[in-house]
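Next come the chains, spelled out residue by residue.
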Amino acid sequence: MVPNLFVLLLAATIAADSLDIDMAQHSAEMPPLQPNPPVWPDSVTVFGPDDAAEANAVMTQLSTTLNDRAAGHFSDERRAFLFKPGAYEMDVAVGYYVSVHGLGASPGDVIVAGPRGIYVDAMDKRAGGAGSLDTFWRSMENVERVGDLRWAVSQAAPLRRVRVGGDLVLHDGGAYASGGFLANAAVGGRVDFGSQQQWASRNVAVGRGATGGAWSLVYVGCEGVGASSAPGVEP
């Protein structure tokens, strides 16, 4: 039996209307498109070449609480500092709950110069204190440091996609330090583990070898680390 043409047209119209309703409902449920560049929350600060001269002072001021061991350790404050391609004279510590990101296509697009650059010291410098044992919850990636870099941390503080022209020092004067992660990095000088332990390095090229360390140093796909004095090296 050949279907009535009117019936076929009616069925097609109903189906199309139903599809339009479904699409309208789906569109209404979709989140709005994000602007480009994004509208960042107050916790995100973006630096560019035009304000490079103020970057150090601004980052220092905004990190004041998070660089205080007592006030920053369990603070609900969070900070991300994003650096557009350019060169920056910096001398500022990375505190609790702080992330530093270079926005270039490669680490060399964001150059960090200055006396100490962007670094991490032990949070507890008291004689006999914890040293870096509670220096947690911070990160840096995709930048190039001119000169030496200290990153004296313990866990939950990764260092990724970085180039270090000088030495990478993973302790603060031999104070306690326990654990960290370094990946996709190039170090022109040496990696100085010092008192560090339980450290994992992946895809790291080192110019002058690695020294120090206590135990459980793990290398995956690394070049130039050489023989280490640490008893627990795991190649």
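Just so you know, these numbers come straight off a predicted model, no measurement behind them.

Cut-offs and rules
Residues numbered from 1 in each chain as written. Predicted model: local features only at pLDDT ≥ 70, side-chain atom pairs only at ≥ 80, totals over all residues. Heavy atoms only, no water. Helix = DSSP H or I, 4+ residues; strand = E, 2+ residues; numbered from the N terminus. Buried < 20%, exposed > 50% of the residue type's maximum accessible area, 1.4 Å probe, protein only. Contact = heavy atoms within 4.5 Å. Areas by Shrake-Rupley, 256 points an atom, 1.4 Å probe, with all protein chains shown as cover. Phe/Tyr/Trp six-rings, centres within 6.5 Å; stacked < 30°, edge-to-face > 60°. Lys NZ or Arg CZ within 6 Å of the ring centre and 35° of its normal. Core = buried A, V, L, I, M, F, W, Y, C linked by side-chain atoms within 4.5 Å. Pairing = 2+ DSSP bridges.

### Structural notes on the overall build of the protein
(1) Moving on: Check the secondary structure of the protein and you find three helices and 15 strands.
(2) Moving on: Across the 235 residues that make up the protein, the buried fraction comes to 43%.
(3) Moving on: Considering only contacts in the protein between residues 6 or more positions apart, those separated by 24 or more positions represent 40%.
(4) Moving on: Summed over all atoms, the accessible surface of the protein reaches about 12,200 Å², with 59% contributed by carbon and sulfur.

### Quick look at the packing of aromatic side chains
(1) Moving on: As enumerated under the stated definition, the model contains nine aromatic pairs in all.
(2) Moving on: Put simply, the rings of Phe74, Tyr96, Tyr97, Phe136 and Trp137 touch in pairs and so form one group of aromatic residues.
(3) Moving on: The ring of Tyr97 has Arg78 lying over it, and the distance from NZ or CZ to the ring centre is 3.8 Å.
(4) Moving on: The cationic tip of Arg138 hangs over the ring face of Tyr96; the distance from NZ or CZ to the ring centre is 4.6 Å.

### Notes on unusual backbone geometry
(1) Moving on: A cis amide bond, omega 5°, links Asn36 with the succeeding residue Pro37.
(2) Moving on: Position of Pro37 relative to the elements: it lies in the loop between helix 1 (5–29) and strand 1 (44–47).
(3) Moving on: Even without being glycine, Asn184 reaches a positive phi, approximately 50°.
(4) Moving on: Assignment of secondary structure puts Asn184 in strand 10 (residues 180–187).
(5) Moving on: Judged by its relative accessible area of 38%, Asn184 falls in the partly exposed class.
(6) Moving on: Backbone geometry places Ser216, a non-glycine residue, at a positive phi of 55°.
(7) Moving on: By the secondary structure assignment, Ser216 is in the loop between strand 13 (210–212) and strand 14 (217–220).

### Side note on the nonpolar core
(1) Moving on: Formed by 46 residues in total, the largest nonpolar core has its most connected members in Met59, Phe83, Met90, Ile118 and Trp151.
(2) Moving on: In this structure Trp151 touches Val94, Val120, Arg138, Ser139, Met140, Ala157, Pro158, Leu159, Leu168, Val169, Leu170 and Trp199, once residues within four positions along its chain are discounted.

### Digging into the environment of Ala80
(1) Moving on: Tracing the backbone through its elements, the reader meets Ala80 in strand 2 (residues 79–83).
(2) Moving on: When the C-alpha positions of Ala80 and Ser43 are compared, they lie 6.3 Å apart, and in sequence the two are 37 residues distant.
(3) Moving on: With sequence-adjacent residues up to four places away left out, Ala80 is seen in contact with Ser43, Val44, Thr45 and Ser99.

### Side note on the pairing of strand 10
Within a regular strand, the side chains alternate between the two sheet faces.
(1) Moving on: In this sheet, strand 10 lies alongside strand 8 (residues 159–164) in parallel orientation, the contact comprising four bridges. For Arg163, the partnering residue across the bridge sits in strand 10 and is Ala186.
(2) Moving on: Bridge analysis of strand 10 against strand 12 (residues 199–206) gives seven bridges, and the strand direction is parallel. Each residue of the ladder has a partner; that of Phe181, found in strand 12, is Ala200.

### Topic: the sheet that holds strand 11 (residues 191–194)
(1) Moving on: Reading across from one edge, 7-9-11-13 is the order of the four strands in this open sheet, with parallel pairing throughout. Edge strands, defined here as strands with exactly one partner in the open sheet, are strand 7 (149–150) and strand 13.
(2) Moving on: Relative to strand 9 (residues 168–169), strand 7 runs parallel, the two being bridged by two bridges. Looking at strand 9, one finds that Arg150 is bridged to Val169.

### Structural notes on the pairing of strand 2
(1) Moving on: Taking burial as the measure, the five residues of strand 2 include five buried ones, the bulk of the element.
(2) Moving on: Of the two faces of strand 2, the one holding Arg79, Phe81 and Phe83 and the one holding Ala80 and Leu82 are both buried throughout.
(3) Moving on: Sheet topology places strand 1 next to strand 2; four bridges connect them, and they run parallel. Of the residues in strand 2, the one forming a bridge with Val46 is Leu82.
(4) Moving on: Judged from the five bridges that link them, strand 2 and strand 4 (residues 98–102) form a sheet pairing that is parallel. Bridge assignment links Phe83 to a residue of strand 4, and that residue is Gly102.

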